[in-house]
Amino acid sequence: MRRFLLCLALAAAPAALHGQDFGDSRCVMVVDTMLRYRRVEVGTSLTFYAGGLVRLSCIGTSVKMQADSMMAIDNFRTTYFVGRVHYSDSTMDVTADRGTYFKDGERWEARGNVVARNLKTNSTLRGPSLDYLRPIPGLRDTVQMYAVSRPRIDYIPTDSTGRAQEPYVINGDRVRFRGNDQVYAGGQVTVDRSDFGATGDSLRLDTGAGQDGALVGNAKMQGKSADPYTLTGRRILLRLGANQLRGVRSTTQARAVTSEWDLVADTIDLSLEQSQLVQTLAWGDSTRPHGVNPEREIRADSLAIDTPNKVPTEARLFGRGWVGAKADSGTGERDWLEGDSVVARFAPADSGASRNVLHQVEARGKARSYYRVTDRSKPGPPSISYVRGDVIMLLMRSSGSNDVERVDVRGAVDGIQLQPIPPRRDTTRTDSLRVPADTLHPNGTR
């Protein structure tokens, strides 16, 4: 009976149903099965209705469509599907409550409880709406998809051998796909994976040849590994390698909070290996790099900090680099070292837990240093040393106490050393202090 009705429908339909007047369009749509149908002709225009598990296909292609009922107008140029709608081709498999196929643009629109699965990558989209445009020779060279009303995408990239990698879970008010490896999203975008989470006003992600991406507008990246970090800025660029996150760069109002530093600059770049931070770069004009942590403070025009395997090894500061030691708990003052370039090197501590501690700090080019020396055997304020030279090198104690063991100064050297003089109380007057004799002028006046 179903075969008889199909033959009857195709015989009764005009030539348009058989695809003889579709011009340059690529889909020649035919009804494969149906239980009931009705056709209405007005002049040369055909409107076709069918119900009862309707199946259609495009001749010579893998395109298949299915629904409880359908209506085709204008000689099948626009076809509406209602109830348990299913669309598939060699690339996509889509289910929805309703669907519409526009032949002129080879466009499939799915509405209501949409689930779309990419058959090549197994990526999945779920949401209320999807527009799908399949690749057509001479019309478009790759798959394109558009979704609105905040769909969820489980986006699965593949490596060079076609093996599936860990998915990115992407949410946005609107999403666009181009091919199997390019995603664009806008409107309160979120991206989640086991190694990081990200938010922004918009997203571009290329897991194919480009191996990069960008978050724009109130962008934020958070590393979730054993070496966490938070990077914010107006724009964050992503670097990928074999679909693994290799680095992130924040530009304009950049800030990075890591296990070691709270750093601000115009631009901050974090390099990653196995989700761990191995190098931090920062530079800027309007906002010079400025970093603080409980032990020290740094400033420069640009800087680089190396932390392979989560261990600090070297920090390099260029353009009036400045390094300050731990702030005094009482005054908030820091000992500091400054130069056109400053290099701080770290080495394993000789006692306590296994860790790298500050070993040496070297300043070159108009170098200056200010530091205080406290003699713990004597009460009172510390002595103060201010030194200038072409090169200043501080050698730190290897215990990790951040105490200076030796200072070497080379080149044009000058400076000043101020030693505190403890006050001496006048034994004849209890309400005043005696002024030391060496502070009197030769004439005996103060």
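Predicted, not measured: the structure shown is a model, and the values here were computed from it. (Residues numbered from 1 in each chain as written. Predicted model: local features only at pLDDT ≥ 70, side-chain atom pairs only at ≥ 80, totals over all residues. Heavy atoms only, no water.)

On to the pattern of salt bridges, then. Opposite charge on two side chains permits pairing when their charged atoms draw close. A full pass over the atoms with the stated rule returns 34 salt bridges. One salt bridge connects Arg372 with Asp328, and the closest N-O pair in it is separated by 3.6 Å. Within this pair, whereas Arg372 is found in strand 25 (residues 356-373), its partner Asp328 is found in the loop between strand 23 (314-324) and strand 24 (336-348), the two being separated by 44 residues in sequence. Looking at Arg372, the relative accessible area reads 18%, which means it is buried. Look at Asp328 and you get partly exposed, because its relative accessible area is 30%. Several salt bridges share partner residues, and in doing so they unite Asp306, Glu314, Arg316, Arg345, Glu362 and Arg364 into one network. (Salt bridge = Lys/Arg side-chain N within 4 Å of Asp/Glu carboxyl O. Helix = DSSP H or I, 4+ residues; strand = E, 2+ residues; numbered from the N terminus. Buried < 20%, exposed > 50% of the residue type's maximum accessible area, 1.4 Å probe, protein only.)

Next up on the list: the side chain of Asp195. Among the structural elements, Asp195 can be located in the loop between strand 13 (182-192) and strand 14 (196-206). Within the structure, Asp195 has its side chain in polar contact with the side chain of Arg193 (distance 3.0 Å). Residues in contact with Asp195, not counting those within four places in the same chain, are Gln222, Gly223, Lys224, Ser225, Leu245 and Ser275. (Polar contact = N/O pair within 3.5 Å; in protein donor to acceptor, adjacent residues only side chain to side chain. Contact = heavy atoms within 4.5 Å.)

Where strand 15 (residues 212-223) lies against strand 16 (residues 229-241), 10 bridges are found, and the strand directions are antiparallel. What sits directly across from Val216, in strand 16, is Arg235. Following strand 15, the chain reverses through 5 residues before pairing antiparallel with strand 16. One ladder, built from 11 bridges, connects strand 16 with strand 17 (residues 244-258); its direction is antiparallel. The residue of strand 17 that forms the bridge with Leu231 is Ala256. Where strand 16 folds back on strand 17, the antiparallel hairpin that results is connected by 2 residues, among which Ala242 adopts a positive phi of roughly 55 degrees. (Pairing = 2+ DSSP bridges.)

Further remarks concern the state of the cysteines. Overall, the coordinates contain 1 disulfide when judged by the stated rule. The residue that forms a disulfide with Cys27 is Cys58, at a sulfur-sulfur distance of 1.9 Å. Of note, the bridge from Cys27 to Cys58 carries an S-S torsion of about -75 degrees and is left-handed in sense. Of this pair, Cys27 sits in the loop between helix 1 (2-12) and strand 1 (29-33) while Cys58 sits in strand 3 (residues 45-58), placing them 31 residues apart in sequence. Exposure class is identical for Cys27 and Cys58. Each is buried. (Disulfide = S-S within 2.5 Å.)

So, about the packing of aromatic side chains. In this structure the tally under the stated criterion is 12 aromatic pairs. Summarising the aromatic geometry, the rings of Tyr37 and Phe48 are spaced 5.6 Å apart at their centres and angled 15 degrees between planes, so their arrangement reads as stacked. A residue pair is termed long-range when its members are at least 10 positions apart, and Tyr37 in strand 2 (residues 36-42) and Phe48 in strand 3 qualify at 11 residues. Assessed through its relative accessible area of 0%, Phe48 is described here as buried. A ring pair is formed by Tyr155 and Phe177, whose centres lie 6.4 Å apart and whose planes are at 50 degrees; its orientation type is tilted. Of this pair, Tyr155 sits in strand 10 (residues 152-155) while Phe177 sits in strand 12 (residues 174-178), and the two are 22 residues apart along the sequence. Phe177 gets classed as buried once you look at its relative accessible area, which sits at 6%. One aromatic cluster in this structure is built from Phe81, Tyr87, Tyr101, Trp108 and Tyr132. (Phe/Tyr/Trp six-rings, centres within 6.5 Å; stacked < 30°, edge-to-face > 60°.)

On average, the protein scores 85 in pLDDT, and the residues at 70 or more come to 88%. In this model residues 432-446 is a low-confidence stretch, pLDDT under 50, and it forms 18 contacts with partners more than four residues away in sequence or in other chains. (pLDDT = per-residue confidence, 0-100.)

Tracing the backbone through its elements, the reader meets Arg140 in the loop between strand 8 (124-133) and strand 9 (144-148). No salt bridge forms around the buried Arg140; measuring N to O, its nearest opposite-charge neighbour Glu106 is 6.5 Å away. Side-chain polar atoms of Arg140 contact the backbone oxygen of Gly105, separated by 2.8 Å. A distance of 2.8 Å separates a polar atom in the side chain of Arg140 from the backbone oxygen of Arg134. Apart from the residues lying within four places of it in its own chain, the contact partners of Arg140 are Gly105, Glu106, Leu133, Arg134 and Pro135. (Lys, Arg positive; Asp, Glu negative; His and termini not counted.)

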